[in-house]
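Each chain is listed here by its residues.
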Amino acid sequence: MQKIVILTGAGISAESGLGTFRDVGGIWQRYRIEDVATPEAFARDADLVHGFYNARRVQAAEARPNAAHRALARLQAEHAGEVVIVTQNVDGLHEAGGARDVIHMHGELARALCAACGGRWEAAAQMSVRDACPDCGACACRPDVVWFGEMPYRMEEILSHLAGADIFAAIGTSGQVYPAAGFAQEAALAGARCVEINLEPSAVAGDFDEVRQGRASEVVPLWVA
Ligand code: BV8
């Protein structure tokens, strides 16, 4: 069995009703990254940042996985140990669709992080910086997501998977955020065949051997079959 590494972005959750970032009307057209998705923003106005993530956490909790999430879970189940899902998404829809061991390189809305001691715990639906850390008691909690200027999680592990990939697929991502946008080149260096599945060609479509255009819930089940 060939090793398959899959990177997903906001586009795979779009049909589950969760907003993407850079499409028309996207999140970054309604909020400025500098106001809600950097450590400096959090230091400046923790309540504004928590409000931004609290609203998304409620939305994500109400969302349901779509056929694309379920198709990737089937692929994983049919090829135990050979299919790695890396997601830029902070929702839990891959797990809700049956996927296992998902690598959340940009963190998870469902997790809280203590900025004082590094403790992590399950986030309440509505979080505030005044919530006391269950480990150290400090009131310094933040969403456990990776902001711009912060190192994404589990990068060594991800790069190791890419180095051994036979197939790399990027699904529902605009290819505008690094290091994720550079993964196709990493995989190609290892000799992997790279496939992009997206509504429109991404900013790095040229890094792929094949580009399949369409909605994830339609194209991914066909690609997995
Ligand atoms: C890092 C947080 C280094 C959680 C996100 C200056 C200072 C510091 C860093 C930089 C800098 N300049 C550049 C950088 C690097 C920076 C970067 O890449 N910036 C870009 C904007 C140029 N990257 C970073 O800062 C990263 N860290 O470099 O650290 C370092 C080194 C050492 C030590 C310390 C640090 C961190 C990046 C992570 C930032 N956090 N999210 C959250 O709020 O969610 S990233 C943000 O964009 C989103 O969260 C998302 O995860 C990510 C990618 O977006 P996409 O998922 O691709 O979504 P998008 O809307 O863009 O595209 C959706 C696509 O789907 C579209 O193409 C659309 O056509 C398609 N689609 C829509 N519907 C469908 C569909 N496809 C199929 N079916 C459909 N139905």
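In this report, we go over the structure that sits alongside the text. It should be emphasised that the depicted structure is a prediction, and the values quoted were computed from it without experimental measurement.

1. Concerning the pairing of strand β1 (residues 4-8)
Here comes step 1: With five of five residues buried, β1 lies mostly within the body of the structure.
Here comes step 2: Burial along β1 is two-sided: the face carrying I4, I6 and T8 and the face carrying V5 and L7 are both buried.
Here comes step 3: Judged from the five bridges that link them, β1 and strand β2 (residues 83-87) form a sheet pairing that is parallel. Pairing of T8 across the sheet is with T87, part of β2.

2. Side note on the sheet that holds strand β9 (residues 210-213)
Here comes step 1: Strand order across the open sheet formed by six strands is β3-β2-β1-β7-β8-β9, with parallel pairing between neighbours. The open sheet has two free edges, formed respectively by β3 (103-104) and β9, since each of these has just one partner strand.
Here comes step 2: Note that β1 and strand β7 (residues 167-171) share five bridges and pair parallel. Bridged to L7 within β7 is A170.

3. Examining the site of the ligand
Here comes step 1: Every one of the 34 residues lining the ligand counts as a neighbour, but F21, R22, T173, S174 and Y178 are closest to it.
Here comes step 2: Measuring from an oxygen atom of the ligand, one finds a backbone N or O atom of A10 at 2.8 Å.
Here comes step 3: A distance of 2.8 Å separates a nitrogen atom of the ligand from a polar atom in the backbone of E150.
Here comes step 4: The protein chains hide 76% of the 1500 Å² of surface that the ligand would expose on its own.
Here comes step 5: Those elements that place two or more of their residues in the shell around the ligand are α1 (11-14) and α5 (46-62).
Here comes step 6: Of the residues that constitute the shell around the ligand, the class distribution is 15 nonpolar, twelve polar and seven charged.

4. Considerations on the packing of aromatic side chains
Here comes step 1: Throughout the structure, instances matching the rule amount to eight aromatic pairs.
Here comes step 2: Summarising the aromatic geometry, the rings of F168 and F208 are spaced 6.2 Å apart at their centres and angled 25° between planes, so their arrangement reads as stacked. With a gap of 40 residues between them, F168 in strand β7 and F208 in the loop between β8 (193-198) and β9 connect regions that are remote in the sequence.
Here comes step 3: The rings of F21, W28, Y31, F42, F52, Y53, W147 and F148 are connected pair by pair, giving a single aromatic cluster.

The rules behind these values
- Throughout, a residue's number is its position along its own chain's written sequence, starting from 1.
- Where totals are concerned, whole chains, interfaces and linings use all residues; where local detail is concerned, this predicted model gives features only for residues with pLDDT of at least 70, and gives and counts side-chain atom pairs only at 80 or more.
- Values reported for side chains reflect all heavy atoms of the structure, with hydrogen atoms and water molecules removed beforehand.
- When a residue's accessible area, from a 1.4 Å probe over protein chains only, is under 20% of the maximum for its type it is buried; when over 50% it is exposed; and in between it is partly exposed.
- A run of H or I in DSSP counts as a helix once it spans at least four residues, and a run of E counts as a strand once it spans at least two, with each numbered from the N terminus.
- Pairs of strands are assigned from DSSP output, requiring at least two bridges between the strands.
- The cutoff for a nearby residue is simple: one of its non-hydrogen atoms must lie within 4 Å of the molecule or strand.
- Contacts described as polar in this section are N or O atom pairs within 3.5 Å, which, within protein, must combine one atom able to donate a hydrogen with one able to accept it, while residues neighboring in sequence count only if both atoms come from side chains.
- Using a 1.4 Å probe, accessible areas were evaluated by the Shrake-Rupley method; residue-level cover was limited to the displayed protein chains.
- Ten residues, namely Ala, Val, Leu, Ile, Met, Phe, Trp, Tyr, Cys and Pro, are considered nonpolar, four, namely Asp, Glu, Lys and Arg, are considered charged, and the remaining ones, Gly among them, are considered polar.
- Side-chain rings of Phe, Tyr and Trp (the six-membered ring for Trp) are treated as a pair once their centres are within 6.5 Å; stacked means planes under 30 degrees apart, edge-to-face means over 60, and tilted covers the remaining angles.

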